[in-house]
Amino acid sequence: MNDKDFFQLKEQLDKESYQHISFSENEKGRVMMRISEKEKHNKRKIGQTIVLTIATLFVVVGGGALAISEIQKSPEATVEKSVDVTEEAPVEDIQVNEDDTEMTSNASEDTLDDKAWEDKTITEGLTENDPQNVQEFIAQFDEIYKEPLPEQYSDDPALYYQIGAMLIFTSLDMNYKAEGVAVEKDLQNLRDVAAIVREEHEARYAHLGLENENPHKYEDQFKEPSERLEQGHVYVKALLNDLNIALNDAEGTTEGYTYMLDGEKIEELEAFIRNE
Amino acid sequence: MKQLRLIEQQGVVSKEDKLMELMDTYGDMVKKIAYTYVKDMNLAEDIAQDVFVNCYNHLELFKENSSHKTWLYRIAVNRCKDVLKSNAYKRFLPFNKISARSYEKTPEVKVIEDSTNKGVTNALMSLPPKYREVLFLFYYEELKIKEISDIINLNESTIKTRLRRGKLLLKKELERRRIEL
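Quick notes on the rules
Starting from 1, residues in each chain are numbered consecutively following that chain's sequence as written. Think of it this way: whatever chain is written first is A, whatever ligand is written first is 1, and the rest follow in order. Since the coordinates come from a predicted model, pLDDT governs what is reported: local features require at least 70, and pairs of side-chain atoms require 80 or more to be given and counted, while whole-chain, interface and lining totals use all residues. Based on all heavy atoms of the structure, the side-chain values leave hydrogens and waters out of the count. Secondary structure elements follow DSSP: runs of H or I no shorter than four residues count as helices, runs of E no shorter than two count as strands, and numbering proceeds from the N terminus. Remark: exposure states derive from per-residue accessible area (1.4 Å probe, protein chains only) relative to the maximum for the residue type, with buried under 20%, exposed over 50%, and partly exposed in between. Should any heavy atoms of two residues lie within 4.5 Å, those residues are counted as being in contact. Using a 1.4 Å probe, accessible areas were evaluated by the Shrake-Rupley method; residue-level cover was limited to the displayed protein chains. Angles here are taken between N-to-C directions and fall from 0 to 180 degrees, while the axes themselves are lines fitted to C-alpha atoms, restricted in helices to the stretch in contact. Note on angle classes: values under 35 degrees are labelled roughly parallel, values over 145 roughly antiparallel, values of 65 to 115 roughly perpendicular, and the remainder oblique. Take the far helix as the reference: if the near one is turned anticlockwise from it by less than a right angle, the crossing is left-handed, and if turned clockwise, right-handed. Known as pLDDT, the predictor's per-residue confidence is scaled from 0 to 100. Here, patches come from residues exposed beyond 30% relative accessible area and free of salt bridges, joined within 9 Å for like charges and within 5 Å for nonpolar side chains (Val, Leu, Ile, Met, Phe, Trp, Tyr). Only one rule defines a salt bridge in this text: a Lys or Arg side-chain nitrogen within 4 Å of an Asp or Glu carboxyl oxygen. Here the arc refers to the directions that run from the helix axis out to each C-beta atom.

Topic: the overall build of chain A
Now for step 1: Within chain A, the secondary structure is distributed over 10 helices and two strands.
Now for step 2: In chain A, the succession of helices and strands from N to C terminus is α-α-α-α-α-β-α-α-β-α-α-α.
Now for step 3: Counting across all 276 residues of chain A, residues that qualify as buried make up 38%.
Now for step 4: Counting contacts in chain A only where the partners sit at least 6 residues apart, residues at least 24 apart contribute 65% of the total.
Now for step 5: When the accessible surface of chain A is split by element, carbon and sulfur atoms take 52% of a total near 16,100 Å².

And the structure:
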């Protein structure tokens, strides 16, 4: 075999395998998403640092002012006041308060049991740029989903929706886990609606009968996205919003789809998932 | 970053647009290089994405004293070598972590896996990475020795030696598999 034979190496490799290797639009979309996430993460870090610095200054200054005011008060006046308060407290009020306290603690125990949760994220496979726990994951995706649609997807937004859905589904499946009655149900619902968006996306090119080809080469022949895909995307977005409020105390109005926030539209969501 | 924003306002290409352009032009190339090193399509996809994220982060540092193509080759090769050295790669089991419902083999994976006639690809992939990379860059990417030397950061005589030995090894492997080019 001489060099001339080796010059056919490229042709043979292409014929066998390499001609099928391409960097798809989905993959490009994921790169842009990662960049966007990282920039938001960096901005958030800067924001947190500023808030922390201000809070620290506030505590230091406030603590100093309080110390000064305490020093300026006379010691005798402080002792007289505390004795008066103790003498005047009615016994009946204390008894009533104890009953209320017991009821409240029972009720809050029930509520806390359902809503209490613990992060059980599997960090294997995550890079330093990835969210490291469920809270960060939800926060980042909620932010991404609230951003305007990237211009390159303006002709077919559903192509962008399915990238996010796929990332959410795979991430929840592989890494981001939590334990807790309410939160597990909510994350399961999020995973399920993301799966629906993906399945409906696949249905857009099922009619092409492609077997061994990258479907995204035939995007111009895709069917229009179904209503179920569009609605699935709406639910994904709403769940991210509500979970961000529930888990991260994010600001905003709840949409009513989570167990964590006793949402009133959970049945509507779950009926959609069951395809009723 | 401020300077880039000013440029954006003046209607010149933004960093994101530049990245899209690079991905459109060199995306396939980067992924093929990655596949050649790691021999796994899913990992090659991850690496290709890492390469472009890295590229974006260092776009303003690109000094134009090499082409974007060479620069991307270099980032891709370095990333692949980092992955090959990592412990994660050593215990990487394709599709292991992914549930049956969530995992979907991409069409290109199916084509490559299902193909019964990929003897030359398999023969190339069976070679040690240091021979595989020079053969791929020289014969498939059709780079010159000098370019390969810049990318892999080895002197030209070493590149020539590896090419010569790599060809011999590949020839033996093809003969063993009874394949003619």
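Details of the side chain of A:Asn244
Residue and element names in this part refer to chain A.
Now for step 1: Tracing the chain through its elements places asparagine 244 in helix H9 (residues 227-248).
Now for step 2: Given a relative accessible area of 7%, asparagine 244 falls into the buried group.
Now for step 3: Look past the residues within four positions of asparagine 244 in its chain and what remains in contact with it is Ile138, Ala139, Asp142, Asp249 and Ala250.

Quick notes on the packing of helix H3 (residues 41-57) of chain B against helix H4 (residues 68-85) of chain B
Residues and elements named next belong to chain B.
Now for step 1: Relative orientation of the contacting elements H3 and H4 amounts to 130°, with a least axis distance of 9 Å. Relative to H4, the element H3 is oriented oblique. In this structure, H3 meets H4 at a crossing whose hand is right-handed. Contacts from Leu43, Ile47, Asp50, Val51, Phe52, Asn54 and Cys55 of H3 reach H4 at Trp71, Leu72, Ile75, Ala76, Arg79, Cys80 and Val83.

Structural notes on the confidence of the model for chain A
Now for step 1: On average, residues of chain A carry a pLDDT of 80, and 82% of them reach 70 or more.
Now for step 2: Confidence drops under pLDDT 50 across residues 80-111 of chain A; counting only partners more than four residues distant or on other chains, this segment forms zero contacts.

As for a nonpolar patch on the surface
Now for step 1: Nonpolar side chains collect at one region of the surface, where A:Ile46, A:Ile50 and A:Ile54 lie side by side and expose about 300 Å² of accessible area between them.
Now for step 2: When you line up the elements, A:Ile50 lands in helix H3 (residues 25-72).

Quick notes on the environment of A:Ile122
Residues and elements named next belong to chain A.
Now for step 1: In this fold, isoleucine 122 is placed in the loop between strand E1 (118-119) and helix H6 (134-146).
Now for step 2: In this structure, the C-alpha to C-alpha distance between isoleucine 122 and alanine 178, residues 56 residues apart in sequence, is 9.9 Å.
Now for step 3: Ignoring any residue separated from it by four or fewer positions in sequence, one finds isoleucine 122 in contact with Met174, Asn175 and Lys177.

Focus on helix H2 (residues 9-16) of chain A
Residue and element names in this part refer to chain A.
Now for step 1: For H2, the complete set of buried residues consists of Leu9, Gln12, Leu13 and Glu16. For H2, the angular spread of buried residues about the axis comes to 100°, placing them on one side. Across H2 from its buried face, at more than 90 degrees, point the exposed residues Glu11 and Lys15.

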